[in-house]
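Below are the chains, spelled out letter by letter.
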Amino acid sequence: MESAKGPVEAAESPAANAKGPVEVVKPSADERGRGEASGHRSAGRPGWPARLGEVPHLGLVAALALLAVVGLVTVPDSFATGSNLVSILALAATIGVITVGATFVIIGGGIDLSVGAVMALASVWATTLATQSYGPLVMIVCAVLVGAGAGLVNGWLIAYGRLVPFIATLAMLVAARGLAQRMSDRKTQLVQQGNEMIVELSTTRLLGLPLLVYVFALVVVAGWVVLNRTTFGRRTYAVGGNPEAARLAGIDVRRHTVWLYALSGLCCGIAAVLIMARTTTGSSTHGDLYELDAIAAVIIGGTLLTGGRGSIVGSILGLLIFTVITNLFILNGLNTSDQLIAKGLIIVVAVLLQRRSLRSST
Amino acid sequence: MESAKGPVEAAESPAANAKGPVEVVKPSADERGRGEASGHRSAGRPGWPARLGEVPHLGLVAALALLAVVGLVTVPDSFATGSNLVSILALAATIGVITVGATFVIIGGGIDLSVGAVMALASVWATTLATQSYGPLVMIVCAVLVGAGAGLVNGWLIAYGRLVPFIATLAMLVAARGLAQRMSDRKTQLVQQGNEMIVELSTTRLLGLPLLVYVFALVVVAGWVVLNRTTFGRRTYAVGGNPEAARLAGIDVRRHTVWLYALSGLCCGIAAVLIMARTTTGSSTHGDLYELDAIAAVIIGGTLLTGGRGSIVGSILGLLIFTVITNLFILNGLNTSDQLIAKGLIIVVAVLLQRRSLRSST
Amino acid sequence: TGNTPDAPAAASAPAPAATGGNDAPGDKVVIGFSAPAADHGWIAAIAKNAEAAAKQYTDVEFKPVEPTNDINAQISAVESLIAAKVAALVILPNDGQQLNQIARQASDAGIPVINLDRVFPDKLSYRTWIGGDNYGMGVAAGHYIGKTLKDKGVADPVILEIQGIATLPLTQDRSKGFEDALKTYGFTVTAKQDAQFTVESGTKVTSNLLQAHKKIDAIWNHDDDQGIGVLAAVKEAGRSEFFMVGGAGSANAMREIQADSGVLKATVTYSPTMAASAVKLARLIAQGKGMSDLLENQVPQSITLASETITKDNVAKYLPLGFES
Amino acid sequence: MSENSPLLLMKGIVKQFPGVRALDGVDLEVLPGEVHCLLGQNGAGKSTLIKTLAGAHQPDEGTITLGGEPVRLSSPIAAIRLGISTIYQELDLVEGLSVAENVFLGHEPARLGFVGQGEANRATRALLARLGHGEIRPTTQVGRLSPAARQVVSMARALSHDTRLIIMDEPSAALAHDEVDNLFRIIRELTAQGVAVVYISHRLEEIRQIGDRVTVLKDGRTVAVGLPAKDTPTRQIVSLMTGRNVEHVFPPRRDGPATGEEVLRVEGLTVPGVFADVSFAVRAGEIVGLAGLVGSGRSEIIEAVYGARRFSGRVVVEGRPVRRGGTTGAVRLGMGLAPEERKAQALLLDQSVTRNISLASLGRYSRFGWLDRRREAEDARALVETLDIRPPDPDRPVKTLSGGNQQKAVLARWLLNGRKLLLLDEPTRGVDVGARAELYAVIRELAEKGVGVLLVSSEVPEVLGLADRVLVIREGTIIHQADAGDLDEHRVLDMIMEGSAL
Ligand SMILES: Nc1ncnc2c1ncn2[C@@H]1O[C@H](COP(=O)(O)OP(=O)(O)OP(=O)(O)O)[C@@H](O)[C@H]1O
Ligand SMILES: Nc1ncnc2c1ncn2[C@@H]1O[C@H](COP(=O)(O)OP(=O)(O)OP(=O)(O)O)[C@@H](O)[C@H]1O
Ligand SMILES: O[C@@H]1[C@H](O)[C@H](O)CO[C@H]1O
Ligand SMILES: [Mg+2]
Ligand SMILES: [Mg+2]
């Protein structure tokens with residue numbers, strides 16, 4: 001686009017030039033031989049979304065709506081009830097918290113396969129008789145610390161040990177499950193009497209919703225705020241999008257990477273508290289295959305597996321799609337085989353829908 | 001950074017993928033940011049082998065040797081016996097065949113999570129009473145076709161449907177397992193009398209080795225030749241390394257992508273035959289979590305998850321490490337928990353060893 | 001198959017049989033052992049019981065191999081035991097059909113195979129089978145539920161079934177037994193879902209099922225390990241209009257039954273003590289001994305444990321046998 | 001087709017990108033055997049035009065006629081088959097493959113799918129020899145080559161096809177002086193055989209040397225066709241390109257030696273195998289230029305100073321030493337780096353201009369980590385205006401900007417947070433004359449405000465015109481230092497090539 005300023009000025013003191021962008025779009029450009037198209041070129045479409053990752057998640061919402069319609073048609077009595085919605089949210093809460101952490105890691109260009117195993121380990125550690133003897137608050141702190149600690153190890157191996165994230169977190173997956181089995185002697189550890197506060201997260205309701213749904217909501221909001229409103233979030237996009245550029249801009253990429261995995265581990269620790277609340281147990285079998293579910297939710301939500309782009313809202317929508325699918329299947333009494341087939345198809349359709357909406361909105 | 005995967009994305013915004021080519025402009029990735037550079041790192045000096053992927057896999061060989069020493073020390077009587085080596089190879093064969101396909105897909109910039117499920121589906125389809133009535137050859141053809149067909153669907157969804165590989169193949173994983181369960185009515189299907197030819201692949205020995213080890217070897221050799229000596233292999237590196245460059249060089253990136261996944265599916269079909277031979281059954285439960293094992297083997301073998309670099313030999317060495325670990329555990333009678341912990345640690349150590357050997361040789 | 005609650009649990013008693021001098025040291029034998037990965041209480045108890053039984057004997061060298069859920073790896077594990085020329089093999093296969101060939105190889109090589117729990121289809125593959133009665137378990141649960149509902153005079157009851165791993169033949173046997181027994185009362189299963197034998201999946205499936213069915217009369221849950229999750233979901237939903245029957249007989253389930261504070265009113269046994277018995281049988285067979293209580297000179301070809309129904313009334317007697325999940 | 005009928009005719013080509021009309025009715029006519037130069041400012045649409053010609057983009061409107069026949073170039077392979085080969089602006093090579101594999105990518109000599117690698121290597125060796133670069137081995141992996149060598153490989157690839165038209169999009173941007181001469185020799189060879197060349201460059205003197213006719217693009221339209229390349233006055237070309245006259249290319253230098261405080265002192269700086277024992281100083285308000293051949297180690301020196309690579313020796317900024325191998329400290333000490341490869345090393349391509357600008361100054365906009373996004377946006381907008389980044393839309397993803405404007409965005413990043421020392425590596429690579437003048441002015445103004453500047457450029461006139469003092473580097477050592485006014489282009493070229501003219 002052409003500038004309207006005089007040649008000499010341009011050459012000698014561009015900084016002095018105070019011309020605003022509006023002027024450029026003005027028809028004054030006309031004289032220089034470019035009419036309408038000029039403004040068009042320069043300004044782009046009005047309402048062009050600032051960040052691609054934050055394109056309104058129309059496709060996902062559409063997919064969810066479609067699922068809701070299916071629910072209303074096939075199981076009208078049970079689907080749209082308050083208690084079913086609560087149940088869906090409660091189901092989504094555990095993986096949901098993990099998905100928030102996974103979104104950070106993936107936007108930051110990494111991947112965390114260890115989430116389910118770390119959650120299991122945290123749940124086991126927090127429910128050993130030794131830990132339980134200190135009461136519920138210590139149990140919660142323990143779960144969160146174990147999660148964050150495992151995350152730190154992941155981050156350290158990746159950032160300073162220079163292991164590929166896939167391998168480092170796969171090793172953590174395997175080792176954390178082993179450790180969880182060892183600690184629990186492969187037994188399911190019940191939350192003991194006196195520590196029911198933990199279980200009450202699931203049984204106590206506030207305004208009709210179990211407390212753990214509030215925990216979930218809190219984590220999502222906190223995640224959103226950190227990702228979109230803080231320097232940490234901004235750096236996460238930079239580190240994932242172009243680590244070299246981030247480094248040359250003075251960001252300590254390695255340290256940031258460590259924090260990203262620690263954050264993911266922290267989320268696993270919180271998720272461990274929720275799963276303890278829901279199942280009343282800590283167990284080395286908790287969280288099996290969560291890694292696939294969490295990553296799938298993140299990707300369906302529009303985050304690039306290569307990093308640098310994505311959003312929390314998308315991930316949570318992606319996760320809700322999965323949760324609603326399972327809910328619908330069971331409400332309809334489908335057997336597992338048919339569930340699996342249908343789930344595969346729905347994933348494909350949801351993503352295609354999303355793509356279509358992205359395309360038409362650009 | 002724009003995804004190095006999804007050929008299509010790159011095709012749409014060529015400007016975006018500048019990252020690939022320039023990154024290595026300064027081979028000194030050494031101090032730059034991320035651990036990922038494993039493959040990169042080896043760049044550097046003259047006299048270095050032409051393709052990075054084919055860097056002598058010193059670290060891997062060292063890790064294997066170390067494991068062998070552990071075996072010789074802890075279980076001297078049973079480890080170094082002929083029959084144990086045969087057993088290791090037979091154990092490696094099934095995933096090994098799959099790993100060859102996975103190596104292609106990953107070098108080509110993709111990922112295939114559906115391998116285990118597709119193998120299960122192929123094994124079930126080939127062992128239905130209907131298929132079995134046509135005899136063993138038809139069973140084999142059926143398995144291979146089902147595998148390749150599923151791969152084609154994957155490839156099509158990714159190349160033309162523009163789904164992210166992770167999602168498309170995850171959907172296939174889920175759907176193929178469901179379909180396998182449905183076809184088999186969740187029952188294990190025995191290879192019938194008259195079709196023992198299949199089972200003989202595992203029981204008949206030639207020069208002391210069961211036939212299926214030869215099948216494995218054949219697939220590895222064929223994979224190596226295709227990857228290193230044909231235009232298809234050459235283009236696989238190009239499509240994975242810089243899809244935009246490949247497109248501009250006149251390669252039909254999408255079609256190539258379809259073939260890559262078809263190849264992976266084909267390998268799953270062959271693996272299905274081997275698992276039928278080994279277990280004398282087709283079952284929807286076969287191949288559980290093979291995807292993680294195969295991908296881990298490929299990555300430990302030095303193939304970049306971002307595509308464009310890698311080798312068959314590395315993948316097979318990576319797989320052998322895993323197999324020998326399992327074998328050692330079996331021989332030592334370790335309990336599961338300790339095994340898992342040990343396995344996690346060994347993975348980390350193996351990769352660090354590999355990295356060290358790479359570093360010291362540059 | 002018995003669901004008589006007061007039948008003595010002889011076969012499942014872990015205490016050493018004190019008869020006939022069978023426990024006197026004999027030839028030294030190596031007994032190989034292979035089972036699925038101990039990822040839940042029942043299987044863990046299996047491994048533990050086997051080991052404990054072996055420890056009782058100075059003449060037994062116990063050689064367990066890596067427990068795994070990967071068929072391919074279990075085949076390799078058994079291969080390594082064959083190569084080690086053990087005197088007898090105790091195998092709990094991940095899938096009897098899939099492991100049949102390798103068990104057959106062992107038998108052909110002259111190693112007696114004691115097949116535990118999940119059965120090999122080919123009788124030439126094993127010397128003796130010992131296991132629970134899966135069909136009988138279903139029958140026991142079906143009778144308990146059927147009779148209770150009939151007594152209450154419920155017509156057209158909503159009966160739910162929560163299975164374990166759906167792809168296991170034993171699950172299918174259990175469901176069949178359940179269905180058959182209910183039929184005798186004119187009842188059918190309203191809905192069923194499978195829950196992977198894990199606590200978490202028990203919670204997940206149940207909380208959805210509770211949404212699908214606003215009024216339930218009875219639930220049979222196949223497995224007491226996953227049952228902890230099932231009960232948690234019930235508690236979370238605050239539902240109590242129905243009663244529930246468990247499966248396998250974990251100590252935890254028995255305590256719940258004893259306390260009688262929740263929906264769990266009974267469980268039908270499937271005792272992991274069978275592993276201890278299997279090791280004992282393996283020793284006898286390897287040493288060429290018979291079972292001294294029986295007249296025959298040899299150990300029988302198959303032993304099926306009875307599935308017993310544990311309720312509040314008889315739970316005290318069973319509690320010591322319950323395994324910790 | 002007769003001698004003088006055009007080989008290629010493009011008429012009314014339109015190409016629309018989301019939000020951008022990159023081509024708005026472009027005409028182009030190329031005769032057989034001529035070197036047809038395409039000129040235009042950054043973002044004028046040159047690359048887009050040649051991509052439609054290469055089959056890489058599909059035009060929305062317009063016709064293309066080749067050798068008198070209307071053609072549809074539906075894919076790169078279609079264009080290649082019609083005898084059009086292209087050297088793209090972004091070096092599009094596959095790093096993991098060898099030189100020969102890259103050259104024959106997509107048309108490998110093969111029998112039954114098996115590559116005749118020997119044959120490919122031989123043919124590649126011949127092509128490289130013809131290009132005057134016999135030293136590049138066909139089996140070397142491209143990832144290990146310097147940018148200049150890669151450019152040669154791209155060229156070899158273009159020549160490996162049977163072509164009648166070769167498009168070169170800024171082929172000289174990564175080349176040093178002597179390399180450019182070599183390139184011109186090859187172009188002359190080609191045109192002598194009747195092959196036409198479409199040549200894009202921002203260096204007008206090159207156009208003069210090699211070009212026959214010139215087409216000028218501005219804002220996605222053709223504004224001049226078929227101007228004689230040798231004798232159209234520069235003033236006319238520039239004003240066609242920019243719509244105005246650019247009078248002073250280089251801003252006037254301050255008189256006398258720099259008297260400011262020393263901001264940077266480098267002593268005995270060494271990175272083994274790349275450069276050794278480099279010592280110099282930069283004062284506040286001074287622009288110090290590093291002149292040298294491509295590959296002489298200038299970028300490495302700058303990166304070492306910035307702490308981006310390990311080194312031995314001492315780097316001191318305002319009395320405080322720089323830690324080796326950590327850029328965070330360098331930024332904290334007040335340094336800023338505009339690296340050589342802006343896309344790979346500086347930009348977050350998917351992100352908005354604003355976010356790219358603020359990346360190194362996030363601390364300024366945050367309290368306890370919380371970002372003040374309003375202030376961030378205001379400052380970014382102000383810088384977009386000050387530097388005249390076009391289009392002036394700070395929310396646009398930076399990847400949709402043309403090269404020159406991307407470079408301005410990188411500079412804006414460091415203008416935002418008041419640097420004491422700026423390290424500029426090839427700040428005008430691929431930047432058009434108009435924008436160049438603006439960049440020069442910005443750099444000079446910064447110096448006037450007391451910023452120390454260390455400048456690397458492969459264009460000797462640029463170093464001489466902009467810098468106060470020049471360090472001449474050859475093979476990793478400083479062989480000469482002088483005030484820019486005491487040097488001329490010839491002397492510097494002699495020194496960097498021969499190292500003798502001390
Ligand atoms: N893939 C794309 N998506 C959106 N806009 C694009 C894309 N490619 C180019 N543009 C826009 O089209 C216009 C023309 O760009 P082009 O790259 O052709 O310019 P150029 O003349 O080659 O500039 P330079 O000299 O900087 O290389 C610019 O405004 C650019 O931002
Ligand atoms: N990590 C490395 N290992 C070995 N050699 C290297 C490494 N990095 C750079 N080099 C070599 O060091 C020399 C200096 O390169 P450098 O990029 O600094 O040159 P330059 O003067 O900046 O030229 P250009 O204009 O291409 O940037 C080159 O020969 C380059 O190939
Ligand atoms: O039969 C047993 C059990 O009953 C248990 O519940 C799960 O594992 C099976 O093998
Ligand atoms: Mg261009
Ligand atoms: Mg340089």
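Use the structure listed above.
Nothing here was measured: the structure is a model prediction, and the numbers come from that model. (Residues numbered from 1 in each chain as written. Chains lettered and ligands numbered in written order. Predicted model: local features only at pLDDT ≥ 70, side-chain atom pairs only at ≥ 80, totals over all residues. Heavy atoms only, no water.)

Draft legend 1. Just the overall build of chain C, in detail. Across its full length, chain C holds 10 helices and 12 strands. Relative to the compact-globule value of 20 Å for 325 residues, chain C shows a C-alpha radius of gyration of 20 Å, a close match. Dimensions of chain C, computed from the C-alpha atoms along their principal axes, are close to 60 × 40 × 30 Å. Burial statistics for chain C: of 325 residues in total, 62% are counted as buried. When the accessible surface of chain C is totalled, it reaches about 11400 Å², and 55% of it is carbon and sulfur. If the 28 positive side-chain charges of chain C are averaged to one point and the 36 negative ones to another, these points end up 2 Å apart. (Helix = DSSP H or I, 4+ residues; strand = E, 2+ residues; numbered from the N terminus. Rg over C-alpha atoms; globule rule 2.2 N^0.38 Å. Buried < 20%, exposed > 50% of the residue type's maximum accessible area, 1.4 Å probe, protein only. Areas by Shrake-Rupley, 256 points an atom, 1.4 Å probe, with all protein chains shown as cover. Lys, Arg positive; Asp, Glu negative; His and termini not counted. Charge placed at Lys NZ, Arg CZ, Asp CG, Glu CD.)

Draft legend 2. Structural context of the interface of chain B and chain A. Listed per partner, the contact involves 56 residues of chain B and 57 residues of chain A. Regarding the contact of chain B and chain A, the summed buried area is about 4800 Å², with carbon and sulfur atoms giving 68% of it. Put simply, chain B and chain A have 2 salt bridges between them. Of the charged contacts in the structure, one is a salt bridge between R182 of chain A and D338 of chain B, with a shortest N-O distance of 2.3 Å. Between the two partners, chain B and chain A, sit 5 residue pairs in polar contact (both at pLDDT 80 or more). Those elements that provide at least two residues to the side of chain B that touches chain A are α10 (165–184), α16 (290–300) and α18 (336–361) of chain B. If one sorts the elements of the side of chain B that touches chain A by residue count, α18 of chain B sits on top with 13 residues. For the side of chain B that touches chain A, the per-class residue count stands at 27 nonpolar, 10 polar and 19 charged. (Contact = heavy atoms within 4.5 Å. Buried area = accessible area lost by both parts, 1.4 Å probe. Salt bridge = Lys/Arg side-chain N within 4 Å of Asp/Glu carboxyl O. Polar contact = N/O pair within 3.5 Å; in protein donor to acceptor, adjacent residues only side chain to side chain. Nonpolar A, V, L, I, M, F, W, Y, C, P; charged D, E, K, R; others polar.)

Draft legend 3. Highlighting helix α7 (residues 224–237) of chain C. Residue and element names in this part refer to chain C. Look at α7: 19 Å from first C-alpha to last across 14 residues, which is about the 20 Å you get at 1.5 Å a residue. Across the 14 residues of α7, 12 count as buried, placing the element largely inside the fold. The set of residues buried in α7 consists of D224, D225, Q226, G227, I228, G229, V230, L231, A232, A233, V234 and E236. If you check the start of α7, you find a side-chain oxygen 3.1 Å away from the backbone N of D225, and it comes from D223. (Expected span 1.5 Å × (residues − 1).)

Draft legend 4. A look at the environment of A294 of chain A. Residues and elements named next belong to chain A. With respect to the helices, strands and loops of the structure, A294 is situated in helix α16 (residues 290–300). According to the relative accessible area criterion, A294 is buried, its value standing at 0%. Separated by 194 residues in sequence, A294 and V100 place their C-alpha atoms 8.7 Å apart. Residues contacting A294, with those up to four places away along its chain left out, are I95, I98, T99 and A102.

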